[in-house]
Structure formats: C-alpha cells, structure tokens
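Secondary and tertiary structure notes
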Amino acid sequence: CQIVGCDHQLGSAVKEDNCGVCNGDGSTCRLVRGQYKSQLSASKLDDTVVAIPHGSRQVRLVLKGPDHLYLETKTLQGVKSENSLSATGSFLVENSSIDFQKFPDKEILRMSGPLPADFTIKIHYAGAADSSVQFIFYQPIIHRWRETDFFPCSASCGGGYQLTSAECFDLRSNRVVADQYCHYYPENIKPKPKLQECNLDPCPASDGYKQIMPYDLYHPLPRWESTPWTACSSSCGGGIQSRSVSCVEEDIQGRISPVEEWKCMYTPKMPVVQPCNIFDCPKWLAQEWSPCTVTCGQGLRYRVVLCIDHRGMHTGGCSPKTKPHIKEECVVPTPCYKPKEKLPVEAKLPWYKQAQELEEGTAISEEPSFIPEAWSTCSVTCGVGSQVRLVKCQVLLSFSQSVADLPIDECEGPKPVSQRACYSGPCSGETAEYTPEETQLLYGGLQELDELYEWEYEGFTECSESCAGGVQEAVVTCLNKQTRETADETLCVSSRRPPQLLKACSLDPCPSR
C-alpha cells in the first residue's frame, strides 16, 4: 500500500492546511479563539455566544455550567432553521456533521466543517449559577485583495509606464467591495503596485529613439504634492483650512508636471481639509461689583470687565457688542440727612479709574493698531503732575494666537496720547484754585461733574460801613443741583465762576458827634 496525498498522487505526503487548502500555508483563514460568560437577567431567557460564518472549520465549543447550547443557522439563500441539541449524539445540520456531548454540568460541541451556512451558537439560561463557554474555530478570510490588470500606458509612444493596483474582492459573492472589508483582517496585506515600461516605439514626429532608463533609479514614481494650508476660517472656536493635492510626475530632466490621479493611487492621498484653531474664543469676564459710591440715597457702582482667552490670560479679541456694562446705578436704603461727600465720588474711587481705563483700552486685532499700555503713577503726590504710558503698534497673529510688535508707521490713524496731566489732591495748607486750562485737564474725563454742581448767588455780605456810604459784595456758593445743598467750591471748578457783584449801602450821613 502507498500513501496518497491531498493532491491525489500516490506516494505524496501533501496535506491540507487548517484552512482546507491542499499544501496551503494557512494564509486563507484565521484562528478565532474566545470565551463567553453568561450574565443572568430576569428579562432575558437566552443570549448569543458567537456567530460562526459560512466555510469555517474545526469548530469546538465547551460549555461549563447549568445552561444549555442550541443552534441557529442561515444559508446563503437566506433559509433559517434551529436545533435544540437536546441529547448526546452525532447528526446532520444543513448537511454538516455535528458531534454533541451532554453532561450534567458540561456540554461539548464539535463541527469539522467546512460549514455550509452561517451558524449562530446561543445559550439558554436554565439555572441560577453562571455558565462559561470557550470556543475555537478557523474562520475563512472571505475578503481578499486582488491585483488588477495594468492601467493604460502613460504615453502612446516614445516610452511610458503603466501601473497595477489592488481591489478588495468578496469570495462569496464574487464581486468587488470597499477596501475597508479587506482591512478588517490583519493577515490581509495589500499588494504593492507593479510597474512596467510600455509603448517603447519611437513617436513618428521624433528624430530618434527615446531611451527609457531603469524606472526606479532615474525616473521617480509619480507622487502627491500639496499646496500650503490656507488660513484658518476662524481665529478661534474651531474652523477649517484646506489645500490642493495633485498627482505630479518628474521627468529625467527634473521637470515636474501634473498627471492623472490614478497614477498616485499606490499611496494614500493626503487630506485636503483639516480642523484648526479648535480652542475656545476669548470671552468677557466680569469681576464683582464695587460698593455703592454713596452711603445714602442713589449712587453708582463699578466693576472691572476683562477679556480672557482659553488659557485664562488677559487678551484682546472679544466683541465690544457683547461686553457687560461696567457702571450702573445703585440705591442705599438709608435716608440722606446731610451731604456726606466733599468730592465727587467718581474723582475719588479707584473703581472709576480702572473702569475708565478699560473703556479706553483698544483690543488687539488682526489689523495693525495702536495699543496703549497702562498709565504710570502720577509724578507728584499732591497738586498737578503728569502721567506717561507706552503706545505700541501691534498685530494679532491668528494662527499662533500671539502678538507681534510692528514699527509705529505700520499703524494707521491717530496715535493715542502718551502723556497727560494728573491731580493728586491739594497739598497740605493749599487752597484749590484752578485756571480754566487746568480745570479742563483735571476734570475733562468726568463728564457728569458740571451736571451735578453749579454756582449761584446767595445774598450779600454785610455793608462795609454803617453810614456815609459803604459796599456790599454778592456771595457766590457752589450748590448741588439735586439736593440744593451747599457743596465744596472745588466741585464747581468745571463751570466758570460768576463775575463779582458790588452794590452801595448805608448811604445816610453819619450823625455828628
């Protein structure tokens, strides 16, 4: 007697591999191994253990526990059936031999295959204890890469080249499917494209034969080339940017020219769109309100409002239209009996200074603009002094979200002032008197001042003589327009003091002694 191999030759020792291929290398199937653990549920009587596809081989399942296995099948024509596996034995299901062994606490199922249908192994819950199922089988790789024929030659004469590609093929339906099905199997390696020379005959209009050099040494493969990314469609909050990607070819002289895209399909095409600037946009952050500027009645309160970026840093770029207000009226429910303030609250509180500086601030934008820094402290501790600040020409670089300094002449429009007068209060023992120019410098920013206080005449002084003719001088006082109460004269410096009025008095002759 002589042995016969799977190739039906006498004396041959050739055998089938695990995939059922004679003298195969096992590359047409993959080993599937796993374990299922039951999860008892009052609403579920059964569950799926594993789905075993058509063509699988050497199937083996072992159940340990009180539950039971059963089968569901579905042929390629869509016919469905079920088998309860109620007793030990060997039997046929869809013309496939099944060996089943049933024990009190264990069940074993074997199928040599290849399976003629899709098998679904299910478990029926029968006890309070959990069960586990171990399974192993060889699953055929039904989606495989298939090499295409050569594409058309790149030139009709004078020498060109042509490439092959690869397509994903469904072995069951005998049709081409999307590449993702072949990528599912790690064993599936997409073949690299092949390249060959073609149409080597000289062109009729040519004066000689065009020599084709070895392609890989002197004639690089066609390749993808891209343009730079466009600017992001949004400076924050998420945008998109795009670029053009084209297939190009370089000839022997190094000249680059565009060609059909299929010639570059041996490598993935680079993306043409990508997200950018996905960080949050700057937003306004309002600080707490200051105390009311008065201790009784109606006053004002202020708060600092900052533009904060996604890193929590003070920046520009917030919309002025959505900025929260920095000043509002407030009422202290305490009756006012007498004036409490000698100076306008807006001239005394630091809140007004902070709020005013924020109002005057200029947000950095993508257009070059003048950006003033904070004012320095007043040059004197009392009286009239000066403040200075640095004014830069800056621009916001949207891609990197950074600020760049530019030459001053790059910014258009009037440059903000870099020096101004400041008043630190009267010096000790000094009476506050101002020229109109000083008044404008000191209180030009306090637009409400002249609306609150005004000069008024209030009677005359006593006569300078008791007889024989004397003089009376009109008394001018500073009044609060709302309360009509007398206020400090420094509050009326924003309006011109009325002219001095005199009148004669005590015109009767003095009695003779």
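Residues numbered from 1 in each chain as written. Predicted model: local features only at pLDDT ≥ 70, side-chain atom pairs only at ≥ 80, totals over all residues. Heavy atoms only, no water.

1. Regarding the overall build of the protein
This is how it is decided: Runs of E in the DSSP output that reach at least two residues are strands. Runs of H or I that reach at least four are helices, and both are numbered from the N terminus. When a residue's accessible area, from a 1.4 Å probe over protein chains only, is under 20% of the maximum for its type it is buried; when over 50% it is exposed; and in between it is partly exposed. In what follows, residue pairs with any heavy atoms lying within 4.5 Å of each other are defined as contacts. Reported accessibility uses the Shrake-Rupley method at a 1.4 Å probe radius. Residues are deemed covered only where the shown protein chains occlude them.
The secondary structure content of the protein amounts to six helices and 33 strands. Here the protein holds 513 residues, and the buried ones make up 30% of them. Partitioning the contacts of the protein with sequence separation of at least 6, the portion at a separation of at least 24 is 63%. For the protein, the accessible surface area stands at approximately 32,200 Å², while carbon and sulfur atoms represent 52% of it.

2. Considering the nonpolar core
The condition is simple: Think of a nonpolar core as a cluster: buried Ala, Val, Leu, Ile, Met, Phe, Trp, Tyr and Cys residues, connected wherever their side-chain atoms sit within 4.5 Å.
Core analysis: the biggest nonpolar cluster contains 25 residues, and Ile52, Leu61, Leu109, Phe119 and Ile121 have the highest contact counts within it. Contributing elements (two or more residues each) for this core: strand S1 (29-37), strand S2 (46-52), strand S3 (57-64), strand S4 (68-74), strand S7 (96-102), strand S8 (106-111), strand S9 (118-124) and strand S10 (132-140). By size, the runner-up hydrophobic cluster in this structure holds six residues, among which are Trp455, Val476, Cys478 and Ala487.

3. Things to note about the state of the cysteines
Rule in force here: Disulfides are defined in this document as cysteine sulfur pairs within 2.5 Å.
Using the criterion set out here, one finds twelve disulfides in the structure. A sulfur-sulfur separation of 1.9 Å characterises the disulfide bridge that pairs Cys247 with Cys264. Taking the torsion about the S-S bond as the criterion, the Cys247 to Cys264 disulfide, at about 80°, is right-handed. Of this pair, Cys247 sits in strand S18 (residues 245-250) while Cys264 sits in the loop between strand S19 (256-258) and strand S20 (273-276), placing them 17 residues apart in sequence. Residue classification places Cys247 among the buried residues on the basis of a relative accessible area of 1%. Taking relative accessible area as the criterion, Cys264 reaches 0% and is therefore assigned buried. Linked covalently through their sulfurs, Cys463 and Cys505 form a disulfide whose S-S length is 1.7 Å. Its S-S torsion of approximately 85° makes the covalent link between Cys463 and Cys505 right-handed. With a gap of 42 residues between them, Cys463 in the loop between strand S30 (453-460) and strand S31 (470-480) and Cys505 in strand S33 (residues 502-505) connect regions that are remote in the sequence.

4. Considerations on the confidence of the model for the protein
Rules: One confidence number per residue, pLDDT, is output by the predictor and ranges from 0 to 100.
Counting all residues, the mean pLDDT for the protein is 78, and 82% of those residues have values of 70 or more. This stretch, residues 207-218, has a pLDDT under 50; its non-local contacts, to residues over four places away or in other chains, come to 20 contacts. Here residues 441-449 is a poorly scored stretch, pLDDT under 50, and it has 21 contacts once near neighbours within four places are set aside; other chains count.

5. Things to note about the sheet that holds strand S11 (residues 143-147)
Put simply, the rule is: Strands pair, by our definition, only if DSSP identifies at least two bridges between them. For helices, the axis comes from a line fit to the C-alpha atoms of the stretch in contact; other axes are also lines fit to C-alpha atoms, and the angle between any two N-to-C directions lies between 0 and 180 degrees.
In space, the three strands of this open sheet follow the order S11-S13-S14, with antiparallel pairing throughout. Two strands bound the open sheet, and with one partner strand each, they are S11 and strand S14 (175-177). Averaged over all adjacent pairs, the angle separating strand axes in this sheet is 50°, with direction ignored. Two elements, S11 and strand S13 (residues 166-170), share five bridges in a ladder whose sense is antiparallel. Counted as the bridge partner of Trp145 is Cys168 from S13.

6. Digging into the packing of aromatic side chains
Stated precisely, the cut-off is as follows: Pairs were defined over the aromatic rings of Phe, Tyr and Trp, the Trp ring being its six-membered one, requiring ring centres within 6.5 Å. Orientation was assigned from the angle between planes: stacked under 30 degrees, edge-to-face over 60, tilted for the rest. Any Lys NZ or Arg CZ found within 6 Å of a ring centre and within 35 degrees of that ring's normal is scored as a charge over the ring.
Evaluation of the coordinates by the stated rule reveals zero aromatic pairs. Above the face of the Phe169 ring, Arg146 is positioned so that its terminal group lies 4.0 Å from the ring centre.

7. Details of the sheet that holds S19
Across the sheet, which stays open at both edges, the three strands sit in the order S16-S18-S19 with antiparallel pairing between neighbours. The open sheet terminates on both sides in strands that have one partner only, identified here as strand S16 (223-226) and S19. Averaged over all pairs of adjacent strands, the angle between their axes in this sheet comes to 50°, without regard to strand direction. Where S18 and S19 come together, three bridges link them in antiparallel fashion. Residue pairing across strands places Glu249 opposite Ser257, the latter belonging to S19.

8. As for the pattern of salt bridges
Note the threshold: When a carboxyl oxygen of Asp or Glu lies within 4 Å of a side-chain nitrogen of Lys or Arg, that pair is called a salt bridge.
By the definition in use, this model includes eleven salt bridges. The closest approach of N and O atoms between Arg223 and Glu225, which form a salt bridge, is 3.1 Å. The salt bridge partner of Arg311 is Asp309, with a shortest N-O separation of 2.9 Å. Residue classification places Asp309 among the buried positions, given a relative accessible area of 10%.

9. Here we look at unusual backbone geometry
Cis geometry marks the peptide bond from Gly113 to Pro114; its omega dihedral reads 0°. As for its placement among the helices and strands, Pro114 is situated in the loop between S8 and S9. We note that Gln58 has phi near 50°; this positive angle belongs to a residue other than glycine. With respect to the helices and strands, Gln58 occurs in strand S3.

10. So, the pairing of strand S17 (residues 239-242)
In regular strands, side chains alternate between the two faces of the sheet. Here S17 shows one buried face, formed by Gly239 and Gln241, and one open face, formed by Ile240 and Ser242. In terms of strand pairing, S17 meets S20 through four bridges, oriented antiparallel. Residue pairing across strands places Gly239 opposite Cys276, the latter belonging to S20.

11. Some words on the environment of Pro152
Relative to the helices and strands, Pro152 resides in the loop between S11 and strand S12 (160-163). With twelve residues separating them along the chain, Pro152 and Thr164 place their C-alpha atoms 9.5 Å apart. Setting aside residues up to four positions removed in sequence, Pro152 forms contacts with Tyr161, Gln162 and Trp262.

12. Here we look at a nonpolar patch on the surface
Our working definition: Candidates for patches are residues over 30% relative accessible area with no salt bridge; among them, like charges are joined within 9 Å and nonpolar side chains (Val, Leu, Ile, Met, Phe, Trp, Tyr) within 5 Å.
Residues Ile240, Val272 and Val273 make up a contiguous nonpolar surface patch of about 240 Å² in total accessible area. Along the chain, the position of Val273 falls in strand S20.

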